[in-house]
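Coordinate inspection notes
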Amino acid sequence: MNISRRSLVALPFATILLPRTLWAAMPKYDPVDFGTVGAEDDTVAWQGALDAARSYNSGRGGIVAPDALAYQVGALDLTGANNVIIDAPNGCWLYGNKQTESSAILDMTAANNCWVRGLVTSGRNPDASYPAILPKAGILLAETTTGGDSNKNRLDNVGSGGKFTSAALCVIGSTDNQFYSCSWQQFDEFKPAINISTQPDWGILSRFKTITTSASNVGDQTFVGCEFHGYRALPPGNYWTSYFRNADNVRFVGGVHDCSGSAHMLFQGTCKRITSVGQKFYSESGIAPSYIFENQGTCDNLCVINPNKTDNAFSVSEKTGSFSNYREL
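To keep things clear, this report deals only with the structure shown in the data block. By convention here, each chain's residues receive numbers from 1 onward along its written sequence. Thresholds applied to this predicted model are a pLDDT of at least 70 for local features of residues and 80 or more for the giving and counting of side-chain atom pairs; totals over whole chains, interfaces and linings are not thresholded and use all residues. The side-chain numbers reported here are obtained from all heavy atoms of the structure, hydrogens and water having been left aside.

Regarding the sheet that holds strand 17 (residues 240-245)
Here is the rule we go by: Between any two strands, at least two bridges found by DSSP are needed for them to pair. Every helix listed is a DSSP run of H or I at least four residues long, and every strand listed is a run of E at least two residues long, numbered separately from the N terminus.
One open sheet accounts for nine strands, arranged 4-6-8-11-14-17-20-23-25; its pairing is parallel. The sheet is open, and its two borders are formed by strand 4 (76-77) and strand 25 (319-320), each paired with just one other strand. The pairing of strand 14 (residues 194-197) with strand 17 spans four bridges and is parallel. Across the sheet, the residue bridging to Asn195 is Tyr243, located in strand 17.

Right, here's the structure in full:
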């Protein structure tokens, strides 16, 4: 399934992080006011809008409100930001094809209480070909070596799709983030759609900060009504749609997992309290993965509630590896 702007913005926005009166009073910054857009490279204009929103009211945060529907950018720096809102209710595509070195398209390392709506980060060119320098990730949330992590951020109707050398979404050592009606799609072989870990696995790094290599926790992530699409190839190989290392308390409510490789979810290190409620596991390519859940470490308390396991969900068995306190209800 290709990411469509319509599917990403069709569902209504339920809640916001700030009171509506305060949100309405915040200034709105359009990238067009900070540089030329629509030509070759819109990075400077976008960064100008992000910097203005980040510095508004002594760093308390403003709103980036892009007017255009598509931009071509390199790496955008939102690291360390607080209360910044990126609001694109009609949809906005960021093609990350202007990278000077492989980086995340939107880097939210150590960002807190930020909200992003309607944004799509793409690891493709506008003509659907792939750029010479592939981005590492569409969106990066990470903890730094000095202890600042990406905490209490919310993403609504956001997506990342294309070729990413790490994953469409990377969450490294960060906690308490929420994702609603988002879509994550990976076109790079052997790489996952999402990477949730206490260390920078799959080669992820921040261009602007130094990511910790040994975070104490990466947990309390909530995904509601989200889509996860792994790499599709014939024949299926050793790749997974969702990757977890030392993850604690990750919740999936509704949504779909699409996989044609080894397994929909791979667990390494010590993972615990993983909950899946009402998810559909399937293969859009028609080539079933071997398993739904694959554990290569220690996984305790995996709870699967009311799963939908139709349409080539797996070909061998539901799970492989040792799972403690596995429950399916």
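Focus on the pairing of strand 21 (residues 270-277)
Note: strand 18 (residues 247-253) against strand 21, five bridges, orientation parallel. Bridging across to strand 21, Phe252 finds its partner in Ser276.

Quick word on unusual backbone geometry
Applied cut-off: Partly exposed describes any residue whose relative accessible area lies between the buried limit of under 20% and the exposed limit of over 50%, with all areas from a 1.4 Å probe on protein chains only and scaled to the type maximum.
At Trp202, a position not held by glycine, the phi torsion is positive, near 60°. Tracing the sequence through the fold places Trp202 in the loop between strand 14 and strand 15 (218-224). Backbone geometry places Asp311, a non-glycine residue, at a positive phi of 55°. Tracing the chain through its elements places Asp311 in the loop between strand 24 (298-305) and strand 25. A relative accessible area of 42% places Asp311 in the partly exposed class.

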